[in-house]
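A look at the structure
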Amino acid sequence: MNLKDKIDPTNLPKHLAIIMDGNGRWAKQKGLLRALGHESGTKSVKENIESCAKLGIEFLTLYAFSTENWNRPKLEVEALMKILIRSLKKELKTLINNNIKLNAIGNLEKLPKSAQRELLDVIDKTKDNTRMTLTLALSYGSREEIVNAVKNISDKVKNNIISIDTIDDSIINEHLYTQNLPEVDLLIRTSGEHRISNFLLWQIAYAELYFTNILWPDFKEQDLYEAIISYQKRERRFGKTSEQIK
């Protein structure tokens, strides 16, 4: 039986987030340059995007490049930016054909101008698509995101735009990069690491976490299905008891 047949279409994660880890180690294991690992990882990106769209997942967020990744060797960062630009150009047609809207979160101004232009162009050309929202987290760090939100809210309180007594979860959500996205239901991390790595710390408050030893370039459609089947076997209580849920 295909694993897809075991998935309950009425119990899908509305918002799936993935930490795509292990490209460098995959390349090292094969005696290749790290950049070739990242290049190979783009194939898994495409396959998983299309698989999520076929399943009916509404929101998919991929951790593509963190604020900390800027500290990697200059040549690797340059290679990653070239891969980003090339992938955006190459996959625009795929996004349009699959009715997928592209979104991006992070400190995008730090990206090279050429990457910013390509990113904004694809975002504009897919803005009316409705099947799924694909969000790329680029130059993204959750702590930086939260610090910026605190600063912006503080400034509004200072200028009497909002009252300190009205600050709640919804106010904070409105000041995050993800203001137009629902909370994460399922977070997947590949490569055997068991860390969140500064990714969507606020948004994953009640997310189910799924860790796999598979390196990202080897994480394919059936592996995604396994993660979703695991998710569907779990009881999500949100602080309540099992009896209350039932």
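Note: the structure precedes this text.
Please read these numbers as outputs of a predicted model, since none were measured by experiment.

Considering only enclosed or pocket space, the largest pocket measures out at about 1100 Å³ in volume. In terms of lining, the largest pocket is formed by 43 residues, of which the most central are Met20, Asn23, Val45, Tyr63 and Ala64. Sorting the residues of the lining of the largest pocket by element identifies α1 (23-29), α2 (34-55), β2 (59-66), α3 (74-97) and β4 (132-140) as the ones contributing at least two each. The element that contributes the greatest number of residues to the lining of the largest pocket is α3, accounting for 11 residues. Considered class by class, the residues forming the lining of the largest pocket number 18 nonpolar, 11 polar and 14 charged. Taken together, Phe59, Lys101, Leu102, Asn103, Ala104, Ile105, Thr133, Tyr177, Thr178, Gln179, Asn180 and Leu181 make up the lining of the second largest pocket. The element best represented in the lining of the second largest pocket is strand β3 (residues 100-105), accounting for 5 residues. Split into classes, the residues belonging to the lining of the second largest pocket amount to 6 nonpolar, 5 polar and 1 charged.

With that out of the way, let us pick up the packing of α2 against helix α7 (residues 221-232). Two packed helices can be described by the angle between their axes and the distance between those axes. Where α2 meets α7, the axes come as close as 9 Å, and the angle between the chain directions of the two elements is 50°. The pairing of α2 with α7 is recorded here as oblique in orientation. Note that α2 runs across α7; the crossing there is right-handed. In this structure, α2 uses Glu47, Asn48, Ser51, Cys52, Lys54 and Leu55 to contact α7, whose residues at the interface are Glu221, Leu224, Tyr225 and Ile228. Here the contact of α2 with α7 is built from residues that sort into 5 nonpolar, 2 polar and 3 charged.

Calculation rules
- Residues numbered from 1 in each chain as written.
- Predicted model: local features only at pLDDT ≥ 70, side-chain atom pairs only at ≥ 80, totals over all residues.
- Heavy atoms only, no water.
- 1 Å grid on protein atoms, 1.4 Å probe; cavity = no way out; pocket = protein on both sides within 12 Å on 5 of 7 lines; lining within 4 Å.
- Points joined across faces, edges and corners; volume = space filled by probe spheres on them.
- Helix = DSSP H or I, 4+ residues; strand = E, 2+ residues; numbered from the N terminus.
- Nonpolar A, V, L, I, M, F, W, Y, C, P; charged D, E, K, R; others polar.
- Axes fitted to C-alpha atoms, helices over the stretch in contact; angles between N-to-C directions.
- Parallel < 35°, antiparallel > 145°, perpendicular 65-115°, else oblique.
- Left-handed = near helix turned anticlockwise from the far one by under 90°.
- Contact = heavy atoms within 4.5 Å.

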